[in-house]
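Listed below, chain by chain, are the residues.
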Amino acid sequence: MNGKPLAGRTILMSGGSRGIGLAIALRAAADGANIAMLAKTDTPHPRLEGTVHSAAEQIRAAGGEALPIVGDVRSDDDVTEAVLKTQGEFGGIDIVINNASVIDLSGSLDLDAKKYDLMQDVNVRGTFMLSRAAVPILRDSKNPHILSLSPPLNPTPRWLGAHTGYSLAKFGMTMVTLGLAAEFAGIAANTLWPRTTIATAAVQNLLGGDRVMAASRTAEIYADAAYEVITRPAASCTGRQLIVEDVLTEAGVTDFSGYAAVPGTPDSALFPDIFLD
């Protein structure tokens, strides 16, 4: 892709202090994008690197403009404030990225009710409320996009039964996004999900530790795919449940070896992500 299609364009992202969200933000920042982040991480976490403020510093260093907004996507007031602050700072919103997500793979009998509610509130309700609040402003963009980091709908016994609470929350994100695509013509709304695990804190802490981290790809593969999606003409790409590797293949990428978290790891040795058969 020639030029810098995201130069001067504005992204509003939920979360993004670290991991995949930050990688997407830094990829956009390389074009000179404006990036507003609505995140709770005002101070350092004892086990996780990064705050919304350190993310903003990295975005600026990468060539973008940053607006760190301390807030909770579960709060309607915080969502409204984030949308208005972003519009006030940058003059509009071109892209909403629903990155914030909570994961708990507990079985139904072991899943705490508060964690179930948290996953629904952040993953599903947060995606709906942030996207909805931005729609009136997105309509004024020349190429408006909503992108949710959620899997294609695959309600097979294998995936519903593996972790029912989490599956409902992630499929809910996707259903919200597909609904918005159908409801608001002219605004592209798509989902994006990887075939392999991505080397993030969630994988380290919840999915298998060092063994799975070593068999994962870096967050940059997700970022490059997201970049391809949000730079496409909105009218030509909406209502789709996209896979990271398929998006990059369509863009002409034939070698994914550079994305291995451990250089030299063959594709056949990588750990498959959940939700995909």
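Residues numbered from 1 in each chain as written. Predicted model: local features only at pLDDT ≥ 70, side-chain atom pairs only at ≥ 80, totals over all residues. Heavy atoms only, no water.

## As for the confidence of the model for the protein chain
Rule in force here: For every residue, the predictor states its confidence as a pLDDT score lying anywhere from 0 to 100. Helix and strand definitions follow DSSP, with helices as H or I runs of at least four residues and strands as E runs of at least two, each counted in order from the N terminus.
Per-residue pLDDT for the protein chain has a mean of 95; in total, 98% of the residues score no lower than 70. Averaged over each element, pLDDT in the protein chain is lowest for helix 7 (residues 201-207) (72) and highest for strand 5 (residues 145-148) (99).

## Considerations on the pattern of salt bridges
Note the threshold: Salt bridges are identified by distance alone: a Lys or Arg side-chain nitrogen within 4 Å of an Asp or Glu carboxyl oxygen. Buried, partly exposed and exposed residues are distinguished by accessible area as a fraction of the type maximum, computed with a 1.4 Å probe on protein chains only: under 20%, between the cut-offs, and over 50%, respectively.
Considering all chains together, one arrives at 11 salt bridges under this definition. Among the salt bridges present, the one from Asp224 reaches Arg27, with a minimum N-O distance of 3.4 Å. Taken as a pair, Asp224 in helix 9 (residues 219-230) and Arg27 in helix 1 (residues 19-29) lie far apart in primary sequence, 197 residues in all. On the accessibility criterion, Asp224 (22% relative accessible area) is partly exposed. Arg27 gets classed as partly exposed once you look at its relative accessible area, which sits at 27%. What emerges from the salt-bridge pattern is a single network uniting Arg217, Glu245 and Asp267.

## Considering the pairing of strand 2 (residues 34-39)
Stated precisely, the cut-off is as follows: By this definition, two strands are paired if DSSP reports at least two bridges between them. Place the viewer so that the strands point away; then a crossover is right-handed whenever the path from the first strand over the helix to the second strand goes clockwise.
Strand 2 sits mainly inside the fold: 6 of its 6 residues count as buried. In strand 2, alternate side chains face the same way, and those of Asn34, Ala36 and Leu38 on one face and Ile35, Met37 and Ala39 on the other are all buried. Across 5 bridges, the pairing between strand 1 (residues 10-14) and strand 2 is parallel. For Met13, the partnering residue across the bridge sits in strand 2 and is Met37. After leaving strand 1, the chain enters helix 1 and then returns to the sheet as strand 2, a path that is right-handed. By the bridge criterion, 6 bridges tie strand 2 to strand 3 (residues 65-70) in an arrangement that is parallel. Across the sheet, residue Ala39 finds its bridge partner in strand 3, namely Val70.

## Here we look at the nonpolar core
Just so we agree on the cut-off: Among buried residues, those of type Ala, Val, Leu, Ile, Met, Phe, Trp, Tyr and Cys that are joined through side-chain atoms within 4.5 Å constitute a nonpolar core. Contacts: residue pairs with any heavy atoms within 4.5 Å of one another.
Counting 80 residues, the largest nonpolar core has Ile35, Met37 and Leu192 as the members making the most contacts within it. A per-element tally of this core places helix 9 first, with 9 residues. Leaving out residues up to four positions away in the same chain, Leu192 has contacts with Leu147, Ser148, Leu149, Ser150, Tyr222, Ala225, Ala226, Leu242, Ile243, Val244 and Val247.

## Section: the packing of helix 1 against helix 2 (residues 52-61)
Definition in use: Convention adopted: a line fitted to C-alpha atoms gives each axis, helices being fitted over their contacting stretch, and angles between N-to-C directions are expressed from 0 to 180 degrees. Angles below 35 degrees are treated as roughly parallel, those above 145 as roughly antiparallel, those between 65 and 115 as roughly perpendicular, and all remaining angles as oblique. Each helix crossing is assigned a hand: it is left-handed if the near helix lies turned anticlockwise from the far helix by less than a right angle, otherwise right-handed if that turn is clockwise.
Running from N to C, helix 1 and helix 2 cross one another at 25°; their axes reach a closest spacing of 8 Å. Judged by the angle between their axes, helix 1 and helix 2 are roughly parallel. Crossing angle aside, the handedness with which helix 1 passes helix 2 is right-handed. Where helix 1 approaches helix 2, its residues Leu22, Ala25, Leu26 and Ala29 are matched on the opposing element by Ala55, Gln58 and Ile59.

## Focus on helix 1
Among the 11 residues that make up helix 1, 8 are buried, leaving the element largely enclosed by the rest of the structure. Along helix 1, the residues classified as buried are Ile20, Gly21, Leu22, Ala23, Ile24, Ala25, Ala28 and Ala29.

## Quick notes on the pairing of strand 6 (residues 188-193)
For strand 6, the buried fraction is high: 6 of the 6 residues fall into the buried class. Alternating positions in strand 6 separate into two faces, Ala188, Asn190 and Leu192 on one and Ala189, Thr191 and Trp193 on the other, with burial throughout. Bridging between strand 5 and strand 6 involves 4 bridges; their strand directions are parallel. By the bridge assignment, His145 is partnered in strand 6 with Ala188. As paired strands, strand 6 and strand 7 (residues 241-243) are joined by 3 bridges and run parallel to one another. If you follow Thr191 over to strand 7, its bridge partner there is Gln241.

## Points about the environment of Ala29
Looking at the secondary structure, you find Ala29 in helix 1. Residue classification places Ala29 among the buried positions, given a relative accessible area of 0%. Placed 22 residues apart in sequence, Ala29 and Ala7 show a C-alpha to C-alpha distance of 8.2 Å. Residue contacts for Ala29: discarding those within four places in its chain leaves Ile35, Ile59, Ala62, Gly63 and Gly64.

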